[in-house]
Amino acid sequence: MFDVSFYKGKKVFVTGHTGFKGSWLCKMLANAGAKVTGYSLNPPTNPSLFEIADIASDIHSAIGDIRDYNMLKSAFDEAQPEIVLHLAAQPIVRDSYKDPAYTYETNVMGTVNILECVRNSSCVKSFLNVTTDKVYLNKEWNWGYRENEELDGYDPYSNSKSCSELVTHSYKRSFFGDGHVAISTARAGNVIGGGDFANDRIIPDCIRAAQKHEDIIVRNPYSTRPYQHVLEPLYAYLMIAAMQYEDGKYADYYNVGPDDVDCFQTGALVDLFVSKWGEGMKWIDRYDGGPHEANFLKLDCSKLKSTFGWKPHWNLDTAIEKVVEWSKCWMSGGDVRTCMDKQIEEFIGK
């Protein structure tokens, strides 16, 4: 398997570094010895993992809007990165219905802006755009989507990420056809992990209910999603970006998701959480008639497995255990940085 020590001394630029996934990614990179510059808005939630775990002490943090090209380019030019990992996004489906224009501006023009920075630089060798499993035209079928399926997300979030994919494809063909920058996208499924405080996500809802000693409200217990611990896709992103840095033949479009056994209905996921948390927790089904969200969605990740010999490290049972471990550490006033370091080391097998 891929060794993250590849990143020791490498200059890495991460957009969206103050978010949930971005914070875990920066911790992984910093632990591996990378020189990380992050560019993002202030943390999107309160509380936030970025602040709780003091991620700013591990990296150079630049606060700015991905929609502001001049500000982005200033931070980019100062960093002179070799590797760029683009995570900045408006990531919530329901929020995309409330403010579609902002969602498209961030998710589409944000991608254009970071690719413009790469195009107008001479330092970058590897670029990875992180999108989502929701980029595909969802036909609600029972098998996983492959990378050559049609891209046409339904809601503004999913569709804007489809557009972000297409922007990346166009830039790759138009400006990087000679391979001087290796460019890939990674389409990941739903992630869970300690420190996710987002609204309208089931595991954060479970944690909030546990804090308040209330029942967990589940609005759509029969929707099926590919759930994985947040370290799974982050490890895969680092692997893809590193491998294409070394050899441009690996630049491509990749699904990153769990095995079929970890495609769970939301109600079954909450059952697993309740069993791990204990303390007499339970959940109730309360559909609120919200906007359209896909009922069934999973990925075919055979391309990632065959190309890199990759496979998931932790099944969903272990992933939920790690969520509970981190959350109880945080709620009891424990050292969450040490907890994160421990989980990262366990995951990468040190």
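Heads up: these notes are all about the structure in this document. Being a predicted model, the structure only gives us computed values, none of them experimental. Residue indices begin from 1 for each chain and proceed along its sequence in written order. Two thresholds apply to this predicted model, a pLDDT of at least 70 for residue-level local features and 80 or more for giving and counting side-chain atom pairs, whereas whole-chain, interface and lining totals are computed over all residues. Each side-chain value is worked out from all heavy atoms of the structure, with water and hydrogens disregarded.

### Quick look at the packing of helix 1 (residues 20-31) against helix 12 (residues 336-348)
It is at 11 Å that the axes of helix 1 and helix 12 come closest, and there the two elements cross at 70°. In terms of axis orientation, helix 1 runs roughly perpendicular to helix 12. On the side of helix 1, the interface is formed by Trp 24, Lys 27, Met 28 and Asn 31, while helix 12 contributes Arg 337, Met 340, Asp 341, Gln 343 and Ile 344. Each axis is a line fitted through C-alpha atoms, taken for helices only over the stretch in contact, and angles between the N-to-C directions span 0 to 180 degrees. Each helix corresponds to a stretch of at least 4 residues labelled H or I by DSSP, and each strand to a stretch of at least 2 residues labelled E; elements are numbered beginning at the N terminus. Any angle that is under 35 degrees is reported as roughly parallel, and any over 145 degrees as roughly antiparallel; angles of 65 to 115 degrees are reported as roughly perpendicular and all others as oblique. Note on definitions: a residue-residue contact is assigned when non-hydrogen atoms from the two residues lie within 4.5 Å.

### Side note on helix 7 (residues 202-212)
Per-residue accessibility, obtained with a 1.4 Å probe over protein chains only, is compared with the maximum for each type, and a residue is labelled buried under 20%, exposed over 50%, and partly exposed between these values. Every buried residue belonging to helix 7 is among Ile 202, Ile 203, Pro 204, Cys 206, Ile 207, Ala 209 and Ala 210, and all of these are buried. For helix 7, the secondary structure elements touched by its buried residues are strand 7 (190-192), strand 8 (216-218), strand 9 (224-229), helix 9 (266-277) and helix 11 (316-331). Residue His 213 follows helix 7 closely and has a positive phi angle near 55°.

### Side note on the side chain of Lys 298
Positionally, Lys 298 belongs in the loop between strand 12 (283-285) and helix 10 (302-308). The class for Lys 298 is buried, based on a relative accessible area of 11%.

### Details of the sheet that holds strand 7
In this analysis, strands are considered paired if DSSP registers two or more bridges between them. Here we have three strands laid out as an open sheet, ordered 7-9-11, and mixed in their pairing. In the strand order of this sheet, the two ends are held by strand 7 and strand 11 (263-265), each with one partner. Neighbour-to-neighbour, the strand axes of this sheet turn through a mean angle of 50°, independent of strand direction. Here strand 9 pairs with strand 11 via three bridges, running antiparallel. Within the sheet, the bridge partner assigned to Thr 224 lies in strand 11 and is Gln 265.

### Some thoughts on empty space enclosed by the protein
Throughout, the protein atoms alone are placed on a 1 Å grid, and a set of points is a cavity if a 1.4 Å probe fits but cannot get out or a pocket if it is open with protein on both sides within 12 Å along at least five of seven lines; lining residues have an atom within 4 Å of a point. Grid points are joined across faces, edges and corners, and a volume is the space filled by probe spheres set on the points. The full count for this structure, using the stated rule, is four cavities of 30 Å³ or more. Roughly 40 Å³ of volume is contained in the largest cavity. Along its surface, the largest cavity is lined by Gly 193, Gly 195, Asp 196, Phe 197, Ile 203, Pro 204, Ile 207, Val 323, Trp 326 and Ser 327. Looking at the lining of the largest cavity residue by residue, the classes come out as six nonpolar, three polar and one charged. Only Asp, Glu, Lys and Arg are considered charged in this grouping, and only Ala, Val, Leu, Ile, Met, Phe, Trp, Tyr, Cys and Pro are considered nonpolar; every other residue, Gly among them, is considered polar.

### So, the packing of helix 7 against helix 9
Running from amino to carboxyl end, helix 7 crosses helix 9 at an angle of 40°, the nearest separation of the two axes being 11 Å. With respect to their mutual orientation, helix 7 and helix 9 come out oblique. Here helix 7 and helix 9 pass one another in a crossing that is right-handed. Residues Ile 202, Ile 203, Cys 206, Ile 207 and Ala 210 of helix 7 lie in contact with helix 9, whose contacting residues are Thr 266, Leu 269, Val 270, Phe 273 and Trp 277. Counted by class, the contact of helix 7 with helix 9 contains nine nonpolar, one polar and no charged residues. By convention, the crossing between two helices is left-handed when the near helix turns anticlockwise from the far helix through less than a right angle, and right-handed when the turn is clockwise.

### Some points on the environment of Ile 183
Residue placement: Ile 183 occurs in strand 6 (residues 182-188). It is 4.9 Å that separates the C-alpha atoms of Ile 183 and Phe 127, two residues lying 56 residues apart in sequence. In this view, Ile 183 contacts Leu 115, Phe 127, Thr 168, Lys 172, Phe 176, Gln 244, Ala 251 and Asp 252; residues no more than four positions away in its chain are not counted.

### Thoughts on the packing of aromatic side chains
Two measures describe an aromatic ring pair: the distance that separates the ring centres and the angle between the ring planes. Stacked, tilted and edge-to-face are the three classes assigned to paired rings of Phe, Tyr and Trp, where Trp is represented by its six-membered ring and a pair needs centres within 6.5 Å; plane angles under 30 degrees give stacked, over 60 edge-to-face, the rest tilted. Scanning the model with the defined rule gives 18 aromatic pairs in all. Centroid distance Phe 273 to Trp 277: 5.4 Å. Interplanar angle 25°. Geometry classified as stacked. One end of the pair, Phe 273, and the other, Trp 277, are both in helix 9, four residues apart, so they sit about a helical turn from each other. Side by side, Phe 273 and Trp 277 carry an identical accessibility label, which is buried. Chaining the aromatic ring pairs together yields one cluster made of Phe 2, Phe 6, Tyr 7, Tyr 235, Tyr 245, Trp 314 and Phe 347.

### Points about the nonpolar core
Here, nonpolar core refers to any group of buried Ala, Val, Leu, Ile, Met, Phe, Trp, Tyr and Cys residues whose side-chain atoms link them within 4.5 Å. If you look at the biggest cluster of nonpolar residues, it comprises 64 residues, and the most contacted ones within it are Tyr 7, Trp 24, Leu 29 and Leu 85. Tallying contributions element by element places helix 8 (residues 231-246) first for this core, with eleven residues. Setting aside anything within four residues of it in sequence, one finds Leu 29 in contact with Tyr 7, Val 12, Val 14, Ala 34, Val 36, Leu 85 and Leu 238. Ile 66, Ala 75, Ala 88 and Val 118 belong to the second-largest nonpolar core, a separate cluster that totals 24 residues.

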